[in-house]
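Overview (structure and organization)
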Amino acid sequence: MKETPSVVESETNSTFFSTVHIEEKNTVSIPLSDGDLWPSAWADDDFLYVANGDGKGLNTSASWQDIVVGRVRGNPWDNSLTGTNLAWADDVAKVWSDPTQYNRKPTGMVCVDGVLYLAVQDLRKTTIGIFDDVPAASIYKSTDKGLTWTGTDEPMFDNYTFTTVMFLDYGKNSENCPDDYVYAYGLDNNWRDSFTNRVIDPVDLYLARVPKDAVQDRSQWEFFAGTDGDGQPLWSSDIAERQAVLHDERRVYSNVNPAYTGANNMSVISQGSIVYNKPLDRYIYTSWTEYTFEFYESPTPYGPWKLFLQKDFGGYPWTADKHGGYACTIPSKFISEDGTEMWVLSATFAGGAQQYRFTARKLTVEPYDPEGASNAKSDKNLALEDAVPYTRSGRYGKEFVLNDEDKTSAEDSWTGENKDEDFWGYTYSDYKNFNTVEYTTGNVAAEGGFFTDLRVQVRRGFEWVDVEGLTVSPEYSYDANVEPFTTYTLTFDEIDGDGIRIIGTPGGTWTYTGISELAVYYR
């Protein structure tokens, strides 16, 4: 299989946000919840309705089910989330395929005109090939806020085509939808990378629409079929004429270190959510892999979609302080009034983090609208002024060590993947002048913790450029003889930008670097 880059630094990257930060761990949850996936809909009664797979739902005293629908009240900002189960199992959906081989999994939910719609797929449950193909899916309807559900006489989507259905979340009761349609995205073959290669891994995201009063009528669905000469979307009732709104064939962890035996060579398009962030007038698609988050943004439902966050949580084991998750979703109800804070739901039962419940972490963004640099020369550490850590990866989830002014604690970038490039730095919402970086190393060993070459780059207009006139003091040996917990001062010609980083090739048999502090100055 062709190898593709695992780190994106190209024209496919977003230029909409100047800074992006997501927490290293889930920080709020419903303690008595149990399950995964959690697609949701913000209804007209102001409650958030959710569905989970394989668990007890929002009440751990309930019995285990393969699908549960519930109602959530409260919000993550004050950690006031609570929930109640409403319906489950056969009362929600049916299994269209062989029930000895498949069970039900919710993939998307929407509320329109007070009516809830829930997309459910058949997902393989057998030990051999578990979670590795989805042959059929349909949509279920509730007119009494999740208590009872009605389905269709046959699957609306089959033959592994458009069988992971995710509704576009247009806010409370779909109030921000610009027309009388319901919009939905779909994946073919599987909900994520098929580790056993039973089916083709998803690399395309497709878009469809249906009149809001005919959501369960398959004959009324139309599929995005490209754009006309004015850039306006074309729609076709023939699913064979559809075109992807996002195509991403990147693979992550395609070069795994022999010291690590975990998952590898994973595709990046997966079941998540697509939400319209009204304050920012932006569409957000949250995808993921076994070890990473892959988030995209777009000005329209049909693109162009561009990557704005690639967060690498490293291979297993994970901990309570550092973990990723799967089926990342952002409920529109959990977006701040100015759009810059969003809460991301994601669960996981793998890696040792014990996050198999309704649980979330904060995503913070700042739209790109920089002002020119105005900071005068001083001894002020610019890493302490609105700096957002910008790193390749972290073993322990301790990116805070970069600017905590404590040179005795350290982080490193070991993840299990062989890296050919590594970096530590910051981004800013406005331009700043720079001419000095103080890099304090962390632990150093034969396995890694050092650079074999080292540069400083500044971000200007979303392009990372090498600084000129770089000197390093004391001398940096570029091998395992680099001194641990030692400060190296890197000076360079004056330059302005809205990001700065040290970057180079990681050394050692495990190819990683380490750090305990990164100070930035304009002296």
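What you are looking at is a predicted structure, and each value in this text was computed from that prediction instead of being measured.

Let us now look at the sheet that holds strand β8 (residues 102–112). Spatial ordering of the open sheet is given by β8-β9-β10, a layout of three strands whose pairing is antiparallel. Strand pairing shows two members of the sheet lacking a second neighbour, β8 and β10 (137–142), which therefore form its edges. Strand-to-strand twist in this sheet, taken as the mean axis angle between neighbours without regard to direction, amounts to 25°. Pairing of strand β9 (residues 115–124) with β10 involves six bridges; the strand directions are antiparallel. Note that in β10 the partner of Tyr117 across the bridge is Lys141.

This part covers a negative patch on the surface. A cluster of like negative charges, contributed by Glu337, Asp338, Glu366, Asp369 and Glu371, occupies part of the molecular surface. Positionally, Asp338 belongs in the loop between β23 (326–329) and β24 (341–347). What makes Asp338 partly exposed here is its relative accessible area of 45%.

This paragraph deals with the packing of aromatic side chains. Within the structure shown, the criterion is met by 41 aromatic pairs. Each ring, one from Tyr326 and one from Phe349, has its centre 6.1 Å from the other, and the planes form 80°; the classification is edge-to-face. With Tyr326 in strand β23 and Phe349 in the loop between β24 and β25 (359–367), this pair connects stretches of sequence that are 23 residues apart. What links up through ring pairs into an aromatic cluster is the set Phe16, Phe17, Tyr253, Tyr260, Tyr291, Phe293, Phe295, Phe308, Phe313, Tyr316 and Trp318. Positioned above the aromatic ring of Tyr181 is the side chain of Arg209, whose terminal nitrogen or guanidinium carbon lies 4.1 Å from the ring centre. Of note, Arg242 hangs over the ring of Tyr206, and the distance from its end group to the ring centre comes to 3.8 Å.

Rules and cut-offs
Residues numbered from 1 in each chain as written. Predicted model: local features only at pLDDT ≥ 70, side-chain atom pairs only at ≥ 80, totals over all residues. Heavy atoms only, no water. Pairing = 2+ DSSP bridges. Helix = DSSP H or I, 4+ residues; strand = E, 2+ residues; numbered from the N terminus. Axes fitted to C-alpha atoms, helices over the stretch in contact; angles between N-to-C directions. Patch = residues over 30% accessible without salt bridge, like charges linked within 9 Å, V, L, I, M, F, W, Y side chains within 5 Å. Areas by Shrake-Rupley, 256 points an atom, 1.4 Å probe, with all protein chains shown as cover. Salt bridge = Lys/Arg side-chain N within 4 Å of Asp/Glu carboxyl O. Lys, Arg positive; Asp, Glu negative; His and termini not counted. Charge placed at Lys NZ, Arg CZ, Asp CG, Glu CD. Buried < 20%, exposed > 50% of the residue type's maximum accessible area, 1.4 Å probe, protein only. Phe/Tyr/Trp six-rings, centres within 6.5 Å; stacked < 30°, edge-to-face > 60°. Lys NZ or Arg CZ within 6 Å of the ring centre and 35° of its normal.

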